[in-house]
Amino acid sequence: MKIKAGFEANGRRNNKETVKSDLIITGGGLSGVCAAITAARLGLKVVLVQDRPVLGGNASSEVRLWVLGATSHMGNNNRWSREGGIIDELLVENMYRNPEGNAILFDLVLLDKVVQEPNITLLLNTAVYEVEKDGADHISGLKAFCSQNSTEYQLEAPLFCDASGDGIVGFLAGAAFRMGAESREEFDEPMAPNSGYGELLGHSLYFYSKDTGKPVQFIAPSFAMDVTKEIPRFRNFKANEHGCQLWWVEHGGRLDTVHDTERIKWELWRVVYGIWDYIKNSGKFPEAETMTLEWVGMIPGKRESRRFEGDFMLSQRDLIEQRTHPDAVAYGGWSIDLHPADGVFSERQPCDQWHSKGIFQIPYRTLYSRNISNLFLAGRIISVSHVAFGATRVMATSAYTGQAVAVAAALCKEKALLPHEIYNLGHITSLQRELLKTGQFIPELVLQDERDLVQHAHITASGTLNRLEFDDEDLIWKPLVISTAQLIPFGKGQVPAITLTIEADRNTELDVALRLSARKGGFTPDTTLVEKKLPVSKGRHEISLSFDVQLNEMRYVFLTFLKNPHISLPYTHQRVTGLLSVYNGTNKRVSNNGHQRPPADSGVNEFEFWCPQRRPEGHNIAVRLTEPVLVFDAENVRNGVDRPVDGPNAWVADPNDRYPYITLVWDVPKTIGRMELVFDTDSDHAMESVLMTHPERVMPFCIRNYRIEDGSGTIVYRKTDNYQTRNVITFERPLLTDRLTIYVDHPSENVPAALFAIRCYSESSGYDTNHI
Ligand SMILES: Cc1cc2nc3c(=O)[nH]c(=O)nc-3n(C[C@H](O)[C@H](O)[C@H](O)COP(=O)(O)OP(=O)(O)OC[C@H]3O[C@@H](n4cnc5c(N)ncnc54)[C@H](O)[C@@H]3O)c2cc1C
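Position numbers for residues start from 1 in each chain and track the written sequence from start to end. Residue-level local features of this predicted model are given only where pLDDT is at least 70; pairs of side-chain atoms are given and counted only at 80 or more, and the full residue set underlies all totals for whole chains, interfaces and linings. Water and hydrogen atoms were dropped before computing side-chain values, which therefore reflect all heavy atoms in the structure.

Caption draft 1: Structural context of a nonpolar patch on the surface. The patches described consist of residues with a relative accessible area above 30% and no salt bridge, like charges being joined within 9 Å and nonpolar side chains (Val, Leu, Ile, Met, Phe, Trp, Tyr) within 5 Å. Method for areas: the Shrake-Rupley scheme with a 1.4 Å probe, in which residue coverage is limited to the protein chains shown. Note on definitions: salt bridges are taken to be side-chain nitrogens of Lys or Arg within 4 Å of carboxyl oxygens of Asp or Glu. Taken together, L105, L108, L111 and V115 make up a surface patch of nonpolar side chains, about 310 Å² in accessible area. Where helices and strands are cited, they refer to DSSP runs of H or I of at least four residues and of E of at least two residues respectively, numbered from the N terminus. In this fold, L105 is placed in helix α3 (residues 103-115). The cut-offs for exposure are 20% and 50% of the maximum accessible area for each residue type, with area from a 1.4 Å probe on protein chains only; residues under the lower value are buried, those over the upper are exposed, and the others partly exposed. Judged by its relative accessible area of 31%, L105 is partly exposed.

Caption draft 2: Main features of the sheet that holds strand β22 (residues 484-490). Spatially, 5 strands are ordered β26-β25-β29-β22-β31 in an open sheet, and the strand pairing comes out antiparallel. The open sheet has two edge strands with one neighbour each: β26 (527-536) and β31 (580-583). Across this sheet, the average inter-strand angle for adjacent strands is 25°, counted without regard to direction. For two strands to count as paired, DSSP must find a minimum of two bridges between them. In this analysis, axes come from line fits to C-alpha atoms, helices being fitted only over the stretch in contact, and the angle between any two N-to-C directions falls in the range 0 to 180 degrees.

Caption draft 3: Just the layout of surface pockets, in detail. Here a cavity denotes a set of grid points, spaced 1 Å apart and computed over the protein atoms alone, in which a 1.4 Å probe fits but from which it cannot get out, and a pocket denotes an open set meeting protein on both sides within 12 Å along at least five of seven lines; residues with an atom within 4 Å of a point are reported as lining. Grid points are joined across faces, edges and corners, and a volume is the space filled by probe spheres set on the points. In this model, the second largest pocket occupies a volume close to 770 Å³. Elements with a contribution of two residues or more to the lining of the second largest pocket: α1 (30-41), α2 (86-97), α11 (428-437), β37 (661-679), β39 (715-719) and β40 (726-744).

Caption draft 4: Looking closely at empty space enclosed by the protein. Taken as a whole, this structure holds 3 cavities of 30 Å³ or more when the rule is applied. Of the volumes computed, that of the largest cavity is approximately 270 Å³. Lining the largest cavity we find 26 residues, and of these G439, F441, D642, R643 and V678 sit closest to its centre. Here the nonpolar group is Ala, Val, Leu, Ile, Met, Phe, Trp, Tyr, Cys and Pro; Asp, Glu, Lys and Arg are the charged ones; every other residue, Gly included, is treated as polar. Considering only residue class, the lining of the largest cavity consists of 9 nonpolar, 8 polar and 9 charged.

Caption draft 5: Structural view of the site of the ligand. Taken together, 34 residues surround the ligand, and among them S31, D51, W66, R393 and M395 come closest. Any pair of N or O atoms that falls within 3.5 Å is considered a polar contact. Within protein, one atom must be able to donate a hydrogen and the other to accept it, and sequence-neighbouring residues count only if both atoms are side-chain atoms. At 2.5 Å, a side-chain N or O of D51 approaches an oxygen atom of the ligand. In the model, an oxygen atom of the ligand is placed 2.6 Å from a nitrogen or oxygen of the R393 main chain. Protein contacts shield 94% of the accessible area of the ligand, which totals 980 Å² for the unbound molecule. At the level of secondary structure, the elements contributing two or more residues to the shell around the ligand comprise α1, β5 (126-135) and α9 (395-415). At 3 residues, β5 tops the list of elements feeding residues into the shell around the ligand. The rule for a residue being near a molecule or strand is that one of its heavy atoms must lie within 4 Å of it.

Caption draft 6: Here's a closer look at α3. Helix span, as expected, comes to 1.5 Å for every residue beyond the first. In this model α3 runs 19 Å from its N-terminal to its C-terminal C-alpha over 13 residues, within 8% of the 18 Å that 1.5 Å per residue would give. Among the residues of α3, A103, F106, D107, V109, L110, K113 and V114 are the ones counted as buried. Across the axial projection of α3, the buried residues extend over an arc of 155°, all falling on one side. The inward-facing, buried residues of α3 abut α1, β3 (46-49), α2 and β4 (120-123). If you check the start of α3, you find a side-chain oxygen 2.9 Å away from the backbone N of I104, and it comes from N102. What the arc measures is the spread of directions leading from the helix axis to the C-beta atoms. Note on contacts: a residue pair is in contact if any heavy atoms of the two residues lie within 4.5 Å.

Caption draft 7: Spatial organisation of the sheet that holds β3. What the 5 strands build is an open sheet, ordered β4-β3-β2-β8-β19; its pairing is parallel. Two strands close off the open sheet at either side, each with one partner strand: β4 and β19 (375-377). Recorded for the sheet is a direction-independent mean angle of 20° between the axes of neighbouring strands. Two elements, strand β2 (residues 23-26) and strand β8 (residues 159-162), share 4 bridges in a ladder whose sense is parallel. Paired with I24 across the two strands is F160, which belongs to β8. In the packing of α1 onto the sheet, the strands contacted are β2, β3 and β4, and the crossing angle to β3 comes to about 165°.

Caption draft 8: Local environment of the nonpolar core. Judged by nonpolar contacts, the single largest core of 185 residues is most densely connected at L155, F237, F376, L431, M675, L677 and I758. At 13 residues, the largest contribution of residues to this core is made by α9. Sequence-distant contacts of L677, that is, excluding residues within four places in its chain, are made with Y706, I708, T725, R726, N727, I729, I742, L755, A757 and I758. Here, nonpolar core means buried Ala, Val, Leu, Ile, Met, Phe, Trp, Tyr and Cys residues that are tied together by side-chain atoms lying within 4.5 Å of each other. Membership of the second largest hydrophobic core comes to 45 residues, among which are V495, L551, V576 and A622.

Caption draft 9: Representation of the packing of α1 against α9 in the model. Close contact between α1 and α9 brings their axes to 7 Å; oriented N to C, the two are set at 30°. In this structure, α1 meets α9 at a crossing whose hand is right-handed. In this structure, α1 uses L30, S31, C34, A35, T38 and A39 to contact α9, whose residues at the interface are M395, S398, A399, G402, Q403, A406 and V407. The class makeup of the residues in the contact of α1 with α9 is 8 nonpolar, 5 polar and no charged. We call a crossing left-handed when the near helix sits turned anticlockwise from the far one by less than a right angle, and right-handed when that turn is clockwise.

Caption draft 10: Quick peek at the packing of α1 against α3. Their axes nearest at 10 Å, the elements α1 and α3 cross at an angle of 25°. One element, α1, and the other, α3, form an angle in the roughly parallel class. Considering the relative orientation of α1 and α3, their crossing is left-handed. For the pair α1 and α3, the contacting residues are L30, V33, I37 and R41 in the first and L110, K113 and V114 in the second. When the residues that make up the contact of α1 with α3 are grouped by side-chain class, the tally is 5 nonpolar, no polar and 2 charged. An angle below 35 degrees is read as roughly parallel, one above 145 as roughly antiparallel, one from 65 to 115 as roughly perpendicular, and any other as oblique.

Caption draft 11: Representation of the pattern of salt bridges within the structure. For the coordinates displayed, the defined rule picks out 59 salt bridges. In this structure, the salt-bridge partner of E503 is R540, at a minimum N-O distance of 2.6 Å. One end of the pair, E503, is in strand β24 (residues 498-504); the other, R540, is in strand β27 (residues 539-545), with 37 residues separating them in the sequence. Its relative accessible area of 26% is what places E503 among the partly exposed residues. Taking the shortest distance from any N to any O, the salt bridge between R707 and E709 comes out at 2.9 Å. A residue is classified by how much of its surface remains accessible, and E709, at 13% relative accessible area, is buried.

Caption draft 12: Region of interest: unusual backbone geometry. Along the chain, R615 connects to P616 via a cis peptide bond; the corresponding omega equals 15°. A positive phi angle, near 75°, is found at R64, a position not held by glycine. By the secondary structure assignment, R64 is in the loop between β3 and α2. The class for R64 is buried, based on a relative accessible area of 10%. With a phi angle near 50°, W80 is a residue other than glycine that sits in the positive phi range. Looking at the secondary structure, you find W80 in the loop between β3 and α2. For W80, a relative accessible area of 5% gives the class buried.

Rendered as structure tokens:
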């Protein structure tokens, strides 16, 4: 191309482009990405505008925070609580491609998933800077600019979603918002901080270091600070800690975290280069001699700025009391995690984290502006108090709000509704049902879907696991140095007797108890059903434990063994969907000291933590049950819950059955355009996205190989090497059959095959708004 341009007295203008769509999402963090993918798959034309060159927001390689959510590093009592749907798909994909936690590869996972959606127009390096309105409460368009291609975009749609972190769209549109903490009185929040502690969380900026194997010098820049003079906790810096392990290198909580961001960044650069100067040049870290800086963040991670007001504001009591809401569409489970506003310059503990006993619901009314009628909110800007924000801000929770917004947007389009009308005109049940179908687990909700043909089928299986008796030849013996429990799902009725072999190195006593969570669906074992003290003589013995306990319904029971280092328990190599051992240990990362003892006036509960160990540890205790347990039945594949809650909610095949299968039979032939299968990718696993490494690429419970045959024995679908949670199968030519048989391979010799759900639909699209 050749251009020669002369003088133009009126100057020139940038390129202009108008893009029209159904939904415009501002912000390509995890909330924006998950909203975009979900909406696109539901058939909406979506524009995703991201001001930076990569997707992921704080999870991207620009900031490098690991994605966390309700699983809380597996350090609290939220069992099987990893968020489902798109965020699950992304984390499972990342685990498969990137178990080493390389931040660049996580960027790639996100980008790859987004570009595979033809309904998404992705505008990278494009910043939204202006909002156009055609009424006081209605946005008509956005203006955005991409400096890379000198193009001004005019973005038009009936619906907008602000997932920008700072809430640029809501702010410019004039929506009501807040910055800084509420008073204790406004929402009756005992944890509301005073101004001495501070009312806003600051930014952080990280660095990565690496060992080059040969001496490397570091000459600090002129602006690096002397951390020994300015940072009270400078002795906590370690040569081998980098990335988001240094989350407490925080600043800005007393500044305007929107408009002062550049100033905050400069101060954080002073800190970061000062830390590295201290590590390299103070003489206190000889191990750092061969280390160099590999990367320093250019953009600070923003924790908190604006929170917008929806028709409901979630607050402390909603979280701690695990209150239910008629319009629950998501959940959280991170602790209420507040930080002193002085951040890295504070003498205080860098955070105060208080957990609720389990996961808490997030209502739909927090996900749209109460003033701007066509504006959805997603991510950290949703309608929550400062205290509740302490828990809802983490990225898997943020992503979950994005998915909920996307399904709501599809419903709005289909029925010509505004966001608030979904709640106010009685469409919440439809929204919840369609969300559950996208894999969005919502606590206390069960998918009821008459259009799912599996609901009308006769279901049989080749065999089902019903005897729990682990008789390995090579049991693993571990001393009872931490109080330990086996989580066992029992059906209604008498708890059967349990036997196991134990070993004692001297005459002693074993304290055993059966406990459960007072709250249905919970995993805090705060109720003791029965306790026993057994005399144990030196040596190896089989013990039989009978408990006079009747259960009114299916529940998880904790068979607990209190700490006694003179006793060893046997563990099995066998792993089973819905079975887990837990420990009353500690996890400093999430302020878990084994027992939560909050200040008396904090409004937070006292309780014990019983958490799993990560694989390759975390084996099941080799118990043997005298009676069959009928909790792994094939009927579970249509019970509307796709993860363990009060029972395993899965069909688990008989491990002795070499060729397991499950069959669906209908009285008359059915047209089947689409099938959905839900496999076990271990929703108890936190799957941290970066920095941490993981021992597995594929979860051990996940069925890798299966085939589906129709009534004539024709193979209609075959899958090998599956690793994903949800498999959605669309038949180009819908099947007409009265029978489907799904033949599955056991994932391994130590893990029986398990399926959480099978759903079949006549239509090739699973989405359905016309059926309430
Ligand atoms: C230091 C720190 C530690 C944290 N620790 C964790 C942790 O360990 N795990 C965890 O899960 N969460 C953690 N959080 C919280 C979490 O990172 C944020 O709350 C979360 O990123 C919110 O997600 P989001 O999608 O709302 O926003 P973001 O991730 O901030 O994404 C918003 C996106 O919008 C883009 N954007 C902004 N303005 C515009 C505009 N005008 N036009 C177009 N695009 C725009 C931004 O570039 C960004 O990519 C931490 C946060 C910080 C800062």
